[in-house]
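# Results of the structural survey
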Amino acid sequence: MKNPVALSENIYWVGVNDYETQLFEGLWPLPRGISYNSYLIVDDKVALIDAVKQFFLPDLLEKIDRLLPAGQSLDYLIINHMEPDHTGSLKLFPQLFPRMKIVGNKKTAGFLESYYGLTEPVVVVEEGEVLDLGRHQLTFYITPMVHWPETMMTHETTTKILFTGDAFGGFGALEGGIFDDEINPEYFDYETLRYFANVIGKFSPMVQKAIGRLKDVDIGTVASAHGPVWRQNPRHVIEQYDRWSSHRTEPGAVVVYGSMYGNTQRMAETVARGLAAGGVKEIRLHPASTSHLSYILADAWRFQGLVLASCTYDSGLFPPLRLLKDFLSPKEVSQNRRLGILGSYGWAGGAVKEMQEFASKGDWNVVEPVIQIKGAPTEDALEQCFTLGKNLAAAIKA
Ligand code: FEO
């Protein structure tokens, strides 16, 4: 094959870009696409590490076919992660490669049966077990819940390449540049954050465990299942995941408002003015009705301050804010964060009460004043909103 994407002499990227899927997991927008990274190791035994989404099987097969030496076929499919964006075409593999064995851990085996009815030919590996391909040796590290119970990582000892599955991955197709030294890594930083906040963040304690487990592993390259291959500076993406999963937030604030006729919006904008007057330069104002949840979550994950402003709707929170609340709570975004609460109502309240109940269930540090108004905000009410913004700014900087 001419111009293969080589990670080393006999290890190749054979992944694909997906510009077709609009919503990852049926939820998260992909305006810049996404890559499903698959890797081929050609040795005495040939191994494929992770596959691709079902629709892209022909692309993957063509790339494999062009790299396979005459007389060789796939011997192993290593499954670091079972989610169908990497295994959707799996059922066809035993027919396509009759000699091939599927390698995973005991939890992988359970998913192979429940998703694809496959019970053989499966090789079950344990933590630290080594698979000998000839010149290459693969060591397996079991890293559960990054992102599913069976997730694991595969380290190739001679090249120091760590194949990480979803971990250290991000949204965004690979637009020519595959490696971090071929791209501007900053272009991928936000899409990596958004992927983390939307897909992986809930499992932050397990990400921390996995990063701890890797401390003694010699990592020369991070080859994730999504996004760039980090060969020049693999620490960059590991440190990003370490920061987000340990809730080391940045000095900034996200103001999310739900407003039907502009009254709550005016209050939220006044809080944002107070934040700016208090010296906060990173402020993100999101109308909950039109800003996709995906982006609100990414910003909420990044910054220390969060302001929820909601009109009352059906005696409670404005529905888009209720959806945000449902995602914030299980994703444990309350750690190391300051929260501002305000709202309005027409004839009977409910939104502010619901937000206060939400705040009491997490580790939120609620900044005063909590503001609730009837009808349109008065000058006094707007002054309170400005004060809330300044108090939040002071809390963020403290
Ligand atoms: Fe890339 Fe959890 O799948």
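In this text the structure is predicted, and so the values were computed from the model without any measurement. Sequence positions are assigned chain by chain, starting from 1 and proceeding in written order. Owing to the predicted nature of the model, reporting of local features is limited to residues with pLDDT of at least 70; listing and counting of side-chain atom pairs is limited to 80 or more, with chain, interface and lining totals taken over all residues. For side-chain calculations, the full set of non-hydrogen atoms in the structure is used, while hydrogens and water are omitted.

### Here's the deal with the packing of aromatic side chains
- Centres within 6.5 Å are what make two rings of Phe, Tyr or Trp a pair, Trp counting through its six-membered ring; a difference in plane orientation under 30 degrees is then read as stacked, over 60 as edge-to-face, and the rest as tilted. Applying the stated criterion across every chain, the model contains 21 aromatic pairs.
- Taking 5.1 Å as the distance between ring centres and 55 degrees as the angle between the ring planes, the aromatic pair formed by Tyr-39 and Phe-163 counts as tilted. Taken together, the residues Tyr-39 in strand β7 (residues 39-41) and Phe-163 in strand β15 (residues 161-165) connect sequence positions 124 residues apart. Of the two residues, Tyr-39 and Phe-163, neither departs from the other in class, the shared state being buried.
- Ring centres of Phe-111 and Tyr-115 lie 6.1 Å apart, and the angle between their planes is 55 degrees; this geometry places the pair in the tilted category. Placement of the pair is Phe-111 and Tyr-115 together in helix α4 (residues 106-116), with a separation of four residues, close to one helical turn. A run of H or I in DSSP becomes a helix once it reaches four residues, and a run of E becomes a strand once it reaches two; helices and strands are each numbered from the N terminus. Exposure is judged per residue with a 1.4 Å probe applied to protein chains only, and the accessible area is read against the type maximum: over 50% gives exposed, under 20% gives buried, and values in between give partly exposed.

### A word on the layout of surface pockets
- Only protein atoms enter the 1 Å grid, on which a cavity is a set of points fitting a 1.4 Å probe that cannot get out and a pocket is an open set with protein on both sides within 12 Å along at least 5 of 7 lines, lining residues being those with an atom within 4 Å of a point. Grid points are joined across faces, edges and corners, and a volume is the space filled by probe spheres set on the points. Empty space within the largest pocket amounts to approximately 300 Å³.
- As for the largest pocket, its lining consists of 17 residues, and the residues nearest its centre are Met-260, Cys-311, Thr-312, Tyr-345 and Gly-346.
- Contributing elements (two or more residues each) for the lining of the largest pocket: α8 (263-277), β20 (303-313) and β22 (338-345).
- For the lining of the largest pocket, the element with the most residues is β20, which contributes three residues.
- Polar here means any residue outside two lists: the nonpolar Ala, Val, Leu, Ile, Met, Phe, Trp, Tyr, Cys and Pro, and the charged Asp, Glu, Lys and Arg; Gly therefore counts as polar. For the lining of the largest pocket, the residue count by class is seven nonpolar, nine polar and one charged.

### Structural notes on empty space enclosed by the protein
- Enumeration over the complete set of coordinates arrives at one cavity of 30 Å³ or more.
- In this structure, the largest cavity encloses a volume near 40 Å³.
- Forming the walls of the largest cavity are Leu-308, Leu-317, Leu-321, Leu-324, Lys-325, Leu-328, Met-355 and Phe-358.
- If you list the elements that add at least two residues to the lining of the largest cavity, you get α10 (319-328) and α11 (351-360).
- Sort the elements by how many residues they give to the lining of the largest cavity and α10 lands first, with four residues.

### Some points on the pairing of β20
- Of all 11 residues in β20, 10 are buried; the element is thus mostly enclosed.
- The pairing criterion for strands is at least two bridges between them, as found by DSSP. Where strand β18 (residues 250-258) and β20 come together, seven bridges link them in parallel fashion. Note that in β20 the partner of Gly-258 across the bridge is Ser-310.
- Pairing geometry for β20 and β22, over seven bridges, is parallel. Counterpart to Leu-308 in the pairing with β22 is Ile-341.
- Linking β20 back to strand β21 (residues 316-317) in an antiparallel pair, the connection comprises two residues, with Asp-314 at a positive phi of about 50 degrees.

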